[in-house]
Structures are given as structure tokens and as C-alpha cells.
Amino acid sequence: MVGTVIRGIHLAVCLHRYNPVHGPQNVNVVDVRARQLTVQWETFGYAVTRCHSYNLTVQYQYVFNQQEFAAEELIQTSSHYTLRGLRPFVTVKLRLVLANPEGSKESEEIVKQTEED
């Protein structure tokens, strides 16, 4: 729990200890190129996050030359994000993860193939 202590009272960012209600919804890949994918999702507010302090990350993985690559990136935008630096013509598996100090919820997994160069 994140917060501040004033005169012995702990003021917390999350007033109640709740996980997010659900993971990101209506997640879609809206642009596919050889070396990048753009993901879009439905925005959410306090009623979903249950906390003013939360993180949204994208977790993704793909196989290139028989080697698995997996990464997680913090998303700073509100409803879309572009994964860059991917390999051409690979199958990418991705999901978004919404987390607050009390827990996390994931979106459904999406599988897309990048285009050829």
C-alpha cells in the first residue's frame, strides 16, 4: 500500500484493499507492420482500477531463429500502445496487465503475426 504518514495516521492512495475489477477489455491489434504492432483497448477509471495508483503493462513473446524472446513494457498512454522493434513475419503473443498495489488482472491473450519486410 502506498501512502503518507501524518501525525501517526497512514493516508493511503488506495482507500480500500481491492484488486482491479477486471483486466483491460476490448483489446485489439489495430495496426500490423513488419516490425511493430499497435494495440488499442477500452479506457478505464477508478471504478475498474479501484485505486488512483496503478500500472498498465504489455507482456509479449515471440520465437525467432528457434530462440524465444519475451518482454514486458510499461504503458504510459491511456488507450493505445505501439510495440516497436519486433522481427518481421513472426507470431507475437501478447496481453495487457492492469495492476494496483493490491493485485492484478490480465486481458485475454492476443496472437498476431507481423508482416514481411
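Above this text is the structure in question.
Quick notes on the rules
- Residues numbered from 1 in each chain as written.
- Predicted model: local features only at pLDDT ≥ 70, side-chain atom pairs only at ≥ 80, totals over all residues.
- Heavy atoms only, no water.
- Helix = DSSP H or I, 4+ residues; strand = E, 2+ residues; numbered from the N terminus.
- Contact = heavy atoms within 4.5 Å.
- Areas by Shrake-Rupley, 256 points an atom, 1.4 Å probe, with all protein chains shown as cover.
- Salt bridge = Lys/Arg side-chain N within 4 Å of Asp/Glu carboxyl O.
- Buried < 20%, exposed > 50% of the residue type's maximum accessible area, 1.4 Å probe, protein only.
- Phe/Tyr/Trp six-rings, centres within 6.5 Å; stacked < 30°, edge-to-face > 60°.
- Core = buried A, V, L, I, M, F, W, Y, C linked by side-chain atoms within 4.5 Å.
- 1 Å grid on protein atoms, 1.4 Å probe; cavity = no way out; pocket = protein on both sides within 12 Å on 5 of 7 lines; lining within 4 Å.
- Points joined across faces, edges and corners; volume = space filled by probe spheres on them.
- Nonpolar A, V, L, I, M, F, W, Y, C, P; charged D, E, K, R; others polar.

## Concerning the overall build of the protein
Logical step 1: Helix and strand content of the protein: one helix and 10 strands.
Logical step 2: Contacts in the protein between residues far apart in sequence, at least 24 positions, make up 62% of those at least 6 positions apart.
Logical step 3: For the protein, the exposed surface amounts to about 7500 Å²; the carbon and sulfur share of it is 44%.

## Considerations on the pattern of salt bridges
Logical step 1: Applying the stated criterion across every chain, the model contains four salt bridges.
Logical step 2: A salt bridge links Arg33 to Asp31, with the shortest nitrogen-to-oxygen separation between them at 2.9 Å.
Logical step 3: Overall, Arg33 belongs to the partly exposed group, its relative accessible area being 46%.
Logical step 4: Relative accessible area serves as the criterion here: at 25%, Asp31 is assigned to the partly exposed category.
Logical step 5: Each member of the salt-bridge network shares a partner with another, and the members are Arg95, Glu106 and Glu109.

## What to know about the environment of Asn55
Logical step 1: Position of Asn55 among the secondary structure elements: in strand E5 (residues 55–64).
Logical step 2: Using a relative accessible area of 45% as the deciding quantity, one classes Asn55 as partly exposed.
Logical step 3: Apart from the residues within four sequence positions on either side, Asn55 is in contact with Leu74, Val97, Leu98 and Ala99.

## Observations concerning the packing of aromatic side chains
Logical step 1: Applying the stated criterion to the full structure yields two aromatic pairs.
Logical step 2: Taking the centre distance of 6.2 Å and the plane angle of 45° together, the rings of Tyr60 and Phe69 count as tilted.
Logical step 3: Centre to centre, the rings of Tyr62 and Phe69 are 5.2 Å apart; their planes meet at 35°, and the pair counts as tilted.
Logical step 4: For Tyr62, a relative accessible area of 6% puts it in the buried group.

## Considerations on the nonpolar core
Logical step 1: With 20 residues, the main nonpolar core has Trp41, Val92, Leu94 and Leu96 as its most contacted residues.
Logical step 2: The contact partners of Leu94, leaving out residues within four places of it in the chain, are Val29, Leu37, Val39, Val58, Gln59, Tyr60, Leu83, Glu108, Glu109 and Ile110.

## What to know about the layout of surface pockets
Logical step 1: If you add up the space inside the largest pocket, you get close to 180 Å³.
Logical step 2: Forming the boundary of the largest pocket are Trp41, Thr43, Phe44, Tyr54, Asn55, Leu56, Leu74, Ile75, Gln76, Thr77 and Ser78.
Logical step 3: For the lining of the largest pocket, the per-class residue count stands at six nonpolar, five polar and no charged.

Any functional reading would require information that these geometric values do not contain.
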